[in-house]
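This is what each chain is made of:
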Amino acid sequence: MGLNADNVRVVLEKPLGTDLASSQQINNDVGSFFKEEQIYRIDHYLGKESLQNVLALRFANVMFEPMWNNKYIKSVQLTIAEQLGVEERGEFYDITGALRDMVQNHLMQMLCMTAMEPPKSLDADDVRDEKVKVIKSLKPLTIESVNENVVRGQYTEARDMKGYLQELNIPAESFTETYVAIKAEIDNERWQGVPFYLRTGKRMADKVAEIVLNFRDLDSHIFPGSQPFANRLVIELQPFDSVRLCVQVKTPGTGNNVEVTPMTIDLDKQLTGRRPEAYERLLLDVINGNLALFNRRDELEAAWEYVMPILDNWAKNTQAPHGYAAHSWGRKQRVNYWRVTAINGTKSSSIV
Ligand code: BG6
């Protein structure tokens with residue numbers, strides 16, 4: 001008794017709930033003891049310097065924001081590929097799956113930071129108000145439209161690597177997804193008609209998390225060797241923290257050929273300040289009472305609402321997830337969701 005005062009904070013780690021109803025229940029229960037301003041819901045992706053940098057890039061420079069819309073951008077890819085499998089977490093993972101583990105939270109936050117409108121200020125509620133608007137503007141999926149817009153996959157045995165079904169504590173017939181790809185659309189003036197591809201997978205060929213903006217093409221190409229859709233902005237969150245703008249430049253020599261070359265900012269090497277680990281930053285913010293990098297209740301629940309038709313579809317769907325070989329980039333499936341190719345020696349998803 002008497003332990004709860006205004007300066008008391010409660011920290012909650014994702015995933016909060018297993019669906020919308022259970023998440024609301026947790027929020028109601030916690031909310032009956034603590035005010036919203038006392039509740040710090042962690043999504044460690046928000047603690048990553050590289051993700052926070054998206055807002056700086058967008059709103060502290062004059063050149064990106066005017067092009068950050070459907071007039072110039074053709075598609076956006078948000079990718080978190082991991083080399084790790086489920087490791088020792090089979091019991092947890094099998095009732096969770098990639099949608100609850102990565103999409104409802106981490107990918108959704110990457111989407112918000114990429115797509116939000118400029119906030120009035122960097123104050124917690126100004127930023128969170130804009131993020132909620134993005135999630136609420138997502139074109140809702142229906143149980144039927146999930147079949148067209150969502151792919152679920154599961155890694156299979158390859159060489160000396162176990163498949164998901166052979167991992168510790170995984171039931172032999174499990175349908176739990178270790179890979180998800182979603183074609184999402186945002187129904188607002190800025191993003192109308194631009195597909196956002198959200199993809200995440202375990203046991204992929206490499207570890208990479210990135211946001212790729214694929215720009216539209218020029219009306220005509222006067223330079224030989226010019227590549228269609230050559231311009232893209234790649235914001236790499238990991239394993240390296242970098243920003244690459246791919247542009248076409250003249251190939252040296254007497255001809256007029258052009259080739260795609262990245263203008264790269266290597267944030268790890270070029271900036272000298274220490275980059276705190278995600279959890280280090282977040283825990284420090286809890287101590288300092290800064291809520292900007294934490295999920296607000298409405299944001300969390302809107303994200304659950306968006307993924308619910310996917311969970312409902314999968315609960316009824318008797319088709320097993322598509323298999324992909326462990327440590328591969330998967331296989332081409334429907335709208336090319338699965339493929340990631342090399343561009344100038346650095347990885348970048350090739351789908352446009
Ligand atoms: C966690 C998931 O939230 O994020 C793990 O539960 C996943 O399954 C991890 O491996 C990925 O985090 P990061 O920072 O390594 O991309």
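First, a word on scope: everything that follows refers to the structure included in this document. Fair warning: this is a prediction, and the values are worked out from it, not measured in the lab.

## Some thoughts on the overall build of the protein chain
- The secondary structure content of the protein chain amounts to eight helices and 13 strands.
- Whereas a compact globule of 352 residues would reach a radius of gyration of roughly 20 Å, the protein chain reaches 21 Å, a difference of no more than 12%.
- Judged by the C-alpha coordinates and their principal axes, the protein chain covers about 80 × 50 × 40 Å.
- Looking at the 352 residues of the protein chain, the share that counts as buried comes to 51%.
- As presented, the protein chain carries roughly 16,700 Å² of accessible surface, and 54% of it is formed by carbon and sulfur atoms.
- For the protein chain, the separation between the mean place of its 41 positive charges and that of its 48 negative charges on side chains is 4 Å.

## A short note on empty space enclosed by the protein
- Summed over all chains, the structure comprises two cavities of 30 Å³ or more.
- Of the pockets and cavities examined, the second largest cavity occupies roughly 60 Å³.
- Surrounding the second largest cavity, K14, Q104, N105, M108, Q109, N295, E299, L300 and A303 form its lining.
- Elements supplying a minimum of two residues to the lining of the second largest cavity: α3 (90–115) and α8 (297–316).
- The element best represented in the lining of the second largest cavity is α3, accounting for four residues.

## Comments concerning the layout of surface pockets
- Of the volumes computed, that of the largest pocket is approximately 420 Å³.
- Forming the boundary of the largest pocket are 23 residues, of which K48, L237, Q238, E277 and A278 lie nearest the centre.
- Broken down by secondary-structure element, the contributors of at least two residues to the lining of the largest pocket are α2 (49–59), α3 and β8 (232–238).
- Its residues placed into classes, the lining of the largest pocket shows eight nonpolar, five polar and ten charged.

## Description of the sheet that holds strand β10 (residues 258–266)
- Taken in spatial order, the nine strands make up an open sheet running β10-β9-β8-β7-β3-β6-β5-β4-β11, and their pairing is mixed. Two strands close off the open sheet at either side, each with one partner strand: β10 and β11 (322–325). Each adjacent strand pair in this sheet contributes to an overall mean axis angle of 20°, direction not counted.
- Along the sheet face, α3 touches β3 (73–81), β5 (179–185), β6 (195–201), β7 (208–215) and β8 and points at about 140° away from the line of β3.
- Its contacts with the sheet place α8 against β4 (150–156) and β5, and it is angled at close to 130° to β5.

## Thoughts on the packing of helix α1 (residues 20–31) against α8
- Following both chains from N to C, one finds α1 and α8 inclined at 165°, their axes separated by 9 Å at the closest point. As the angle between them shows, α1 and α8 are arranged roughly antiparallel. Of the two possible hands of crossing, α1 and α8 adopt the one that is left-handed. Contacts between α1 and α8 involve L20, S23, Q24, N27 and N28 from the former and R297, L300, E301, W304, E305 and M308 from the latter.

## Regarding the site of the ligand
- For the ligand, the full set of nearby residues is K14, H44, Y45, K48, E82, R89, D101, M102, H106, K202, K207 and Q238.
- In this structure, K14 approaches the ligand through a side-chain N or O atom, which is 2.7 Å from an oxygen atom.
- Here an oxygen atom of the ligand sits 2.8 Å away from a polar atom, N or O, in the side chain of H44.
- Here the ligand loses 81% of its free accessible area of 400 Å² to cover by the protein chains.
- In this structure the site holding the ligand corresponds to the largest pocket.
- Ranked by residues supplied to the shell around the ligand, first place goes to α3 with three residues.
- Of the residues that constitute the shell around the ligand, the class distribution is two nonpolar, three polar and seven charged.

## With respect to the packing of aromatic side chains
- Scanning the model with the defined rule gives seven aromatic pairs in all.
- Judged by centre distance (6.4 Å) and plane angle (80°), the ring pair of F64 and W68 falls under edge-to-face. Accessibility classification places F64 together with W68 in one group, the buried group.
- Taking the ring centre of Y45 as reference, the NZ or CZ of K48 above it sits at 4.5 Å.
- It is K74 that lies over the ring of F229; its NZ or CZ is 4.9 Å from the centre.

## Notes on the packing of α2 against α3
- Packing of α2 against α3 brings their axes to within 9 Å, and their N-to-C directions diverge by 10°. With respect to α3, the element α2 is oriented roughly parallel. Residue-level contacts link L51, Q52, V54, L55 and R58 of α2 to Q109, M110, M113, T114 and A115 of α3.

## Some details on α3
- Where α3 bends most, the angle comes to about 95°, and this point is G97.
- Within α3, 23 of the 26 residues are buried, which leaves the element mostly enclosed by the surrounding structure.

## Quick look at unusual backbone geometry
- Of note, the amide linkage connecting K14 to P15 takes the cis form, showing an omega dihedral of -5°.
- Its location among the elements puts P15 in the loop between β1 (10–13) and α1.
- A cis amide bond links Q238 to the next residue, P239, at an omega of 10°.
- Its location among the elements puts P239 in the loop between β8 and β9 (242–250).
- Phi at F229 takes a positive value of approximately 50°, unusual for a residue other than glycine.
- Examined against the element boundaries, F229 turns out to sit in the loop between β7 and β8.
- By relative accessible area, which is 29% here, F229 ends up partly exposed.

Cut-off values and rules
Residues numbered from 1 in each chain as written. Predicted model: local features only at pLDDT ≥ 70, side-chain atom pairs only at ≥ 80, totals over all residues. Heavy atoms only, no water. Helix = DSSP H or I, 4+ residues; strand = E, 2+ residues; numbered from the N terminus. Rg over C-alpha atoms; globule rule 2.2 N^0.38 Å. Buried < 20%, exposed > 50% of the residue type's maximum accessible area, 1.4 Å probe, protein only. Areas by Shrake-Rupley, 256 points an atom, 1.4 Å probe, with all protein chains shown as cover. Lys, Arg positive; Asp, Glu negative; His and termini not counted. Charge placed at Lys NZ, Arg CZ, Asp CG, Glu CD. 1 Å grid on protein atoms, 1.4 Å probe; cavity = no way out; pocket = protein on both sides within 12 Å on 5 of 7 lines; lining within 4 Å. Points joined across faces, edges and corners; volume = space filled by probe spheres on them. Nonpolar A, V, L, I, M, F, W, Y, C, P; charged D, E, K, R; others polar. Pairing = 2+ DSSP bridges. Axes fitted to C-alpha atoms, helices over the stretch in contact; angles between N-to-C directions. Contact = heavy atoms within 4.5 Å. Parallel < 35°, antiparallel > 145°, perpendicular 65-115°, else oblique. Left-handed = near helix turned anticlockwise from the far one by under 90°. Near = heavy atom within 4 Å. Polar contact = N/O pair within 3.5 Å; in protein donor to acceptor, adjacent residues only side chain to side chain. Sits in = over half its atoms within 2 Å of the grid points. Phe/Tyr/Trp six-rings, centres within 6.5 Å; stacked < 30°, edge-to-face > 60°. Lys NZ or Arg CZ within 6 Å of the ring centre and 35° of its normal. Bend = angle between axes of the 7 residues up to and from the residue.

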